[in-house]
Every structure is written in structure tokens, then in C-alpha cells.
Amino acid sequence: MKDRKLLNIELGRLTADEYRDQRPQSGLVLVLDNVRSAHNVGSAFRTADAFGVDKLYLGGICPLPPSPELRKVALGAEEVVPFEHVEDVVALVERLKADNYTVVAVEQTVHSVKLDRFRREPGRKYALVFGHEVEGVQQTVVDACDFSIEIPQQGTKHSLNVSVSVGVVLWGIISK
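Let me sum up the structure you'll find in this document. (Residues numbered from 1 in each chain as written. Predicted model: local features only at pLDDT ≥ 70, side-chain atom pairs only at ≥ 80, totals over all residues. Heavy atoms only, no water.)

## Looking at the overall build of the protein
- Scanning the protein for helices and strands turns up six helices and seven strands.
- The C-alpha radius of gyration computed for the protein amounts to 16 Å, which stays within 12% of the reference 16 Å derived for 176 residues, consistent with globular compactness.
- By principal-axis analysis of the C-alpha atoms, the protein measures approximately 50 × 40 × 35 Å.
- Considering only contacts in the protein between residues 6 or more positions apart, those separated by 24 or more positions represent 83%.
- A total accessible area of about 10300 Å² is found for the protein, and carbon and sulfur atoms account for 51% of it.
- Counting 21 positive and 24 negative side-chain charges, the protein places the centres of these two groups 7 Å from one another. (Helix = DSSP H or I, 4+ residues; strand = E, 2+ residues; numbered from the N terminus. Rg over C-alpha atoms; globule rule 2.2 N^0.38 Å. Contact = heavy atoms within 4.5 Å. Areas by Shrake-Rupley, 256 points an atom, 1.4 Å probe, with all protein chains shown as cover. Lys, Arg positive; Asp, Glu negative; His and termini not counted. Charge placed at Lys NZ, Arg CZ, Asp CG, Glu CD.)

## Remarks on helix H6 (residues 162-174)
- With 13 residues, H6 should cover 18 Å at 1.5 Å per step; its first-to-last C-alpha distance of 18 Å lies within 8% of that length.
- Looking only at H6, the buried set comprises Val-162, Ser-163, Ser-165, Val-166, Val-169, Leu-170, Gly-172 and Ile-173.
- Those residues of H6 that are buried are in contact with strand S1 (28-33), helix H2 (38-51), strand S4 (101-106), strand S6 (125-131) and strand S7 (147-150). (Expected span 1.5 Å × (residues − 1). Buried < 20%, exposed > 50% of the residue type's maximum accessible area, 1.4 Å probe, protein only.)

## Some points on the side chain of Ser-26
- If you trace the backbone, Ser-26 turns up in the loop between helix H1 (16-22) and S1.
- Within the structure, the side chain of Ser-26 is placed 3.0 Å from the backbone oxygen of Gly-52, a separation counted as a polar contact.
- Filtering out sequence-adjacent residues up to four positions away, Ser-26 remains in contact with Gly-52, Val-53, Asp-54 and Arg-120. (Polar contact = N/O pair within 3.5 Å; in protein donor to acceptor, adjacent residues only side chain to side chain.)

## A few points about unusual backbone geometry
- Cis geometry marks the peptide bond from Pro-65 to Pro-66; its omega dihedral reads -5°.
- Note on placement: Pro-66 falls in the loop between strand S2 (55-59) and helix H3 (68-74).
- Phi is positive for Asn-100, which is not a glycine, with a value near 70°.
- Residue placement: Asn-100 occurs in the loop between helix H4 (89-98) and S4.
- Notably, His-158 is not glycine yet its phi reads approximately 55°, a positive angle.
- Within the secondary structure, His-158 sits in the loop between S7 and H6.

Below, the structure is given as C-alpha cells:
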């Protein structure tokens, strides 16, 4: 049996207005802590759109829309995923915790929980913090978070590109 790729018109995609007005809240937000690459930020927007993330927080030096480089990767997702720029990510973590989010650093730490062992509690809201391409999540931000999760890895590098990490973590959380 031959398989046929679906045409875009067959995918039943929502328009930007429908997406903003109709999609249910997921209880998930993303925080980018000083992610410097417009391509990585654009990818985070596109992945947030794909997984129905409620909001994207762009901390510190993150490039902001409108940006041609960001848009090249986001493909318009920056127009439908709500976002906010914040200078101080630690203060944002405290604000999210006050709004009843469980704030989780995606980082390799002494006590981090492996992603395959993490189970999201129904009804609980989560903020997932991803860090700088080289430095990761700032230690002061890790300290302010409720706990850390990490992606189990087998290779020699023990790191993934931040945009890949966003997709892996969201899939790992949502698919369970």
C-alpha cells in the first residue's frame, strides 16, 4: 500500500484568529533564559505553537519579534503564541510561582529528575525554563526554581541544542 502525504488543506489547521480564540489552555509556559540565537528563539515559538503552549517568556538578551531571522524559523508562530519580554528571569520565576506555577529548570543538576521519570500532575500549571546555548540556565534561576529535569543522554556531548531540547521536553511531558 502506498502512502500519500497530506496536503496542507487536509490538515484542518486553525487560522491565527481561531487559534487565539478557541484553543484550550495547556497549563504550560516556556521561559527562555538569555537564549541569544534568533533561530533558537524562532524555533521555540514554532514548537510552542505545535504543542499548544500558553505563553513564551523571553528573558534577558533573547531576540524579540519582529526579527527577520526569528520569523524565518518561527514561520509566523510569533504572531499567535503570546509572549512577554522580561529583563530579570529570577523575578519572573518568583512571579510565576506566586501565580501557582511549578517552575522547572531544564538543566543537569545534582538532583535533577530524568525526563522519562517525570510525570506532570493533572491540573497543575508548569513553567519550563530553558537556558543560554553555552551557559545553560543561570544558577540563580536554577536556585529559584522548584526543581530541575534533564533529558537522559547516552553520547559524549551530554547536551542538545536548546531548540531541540524544547521539542524533546514538551513531547516528553505531553505524551504521557
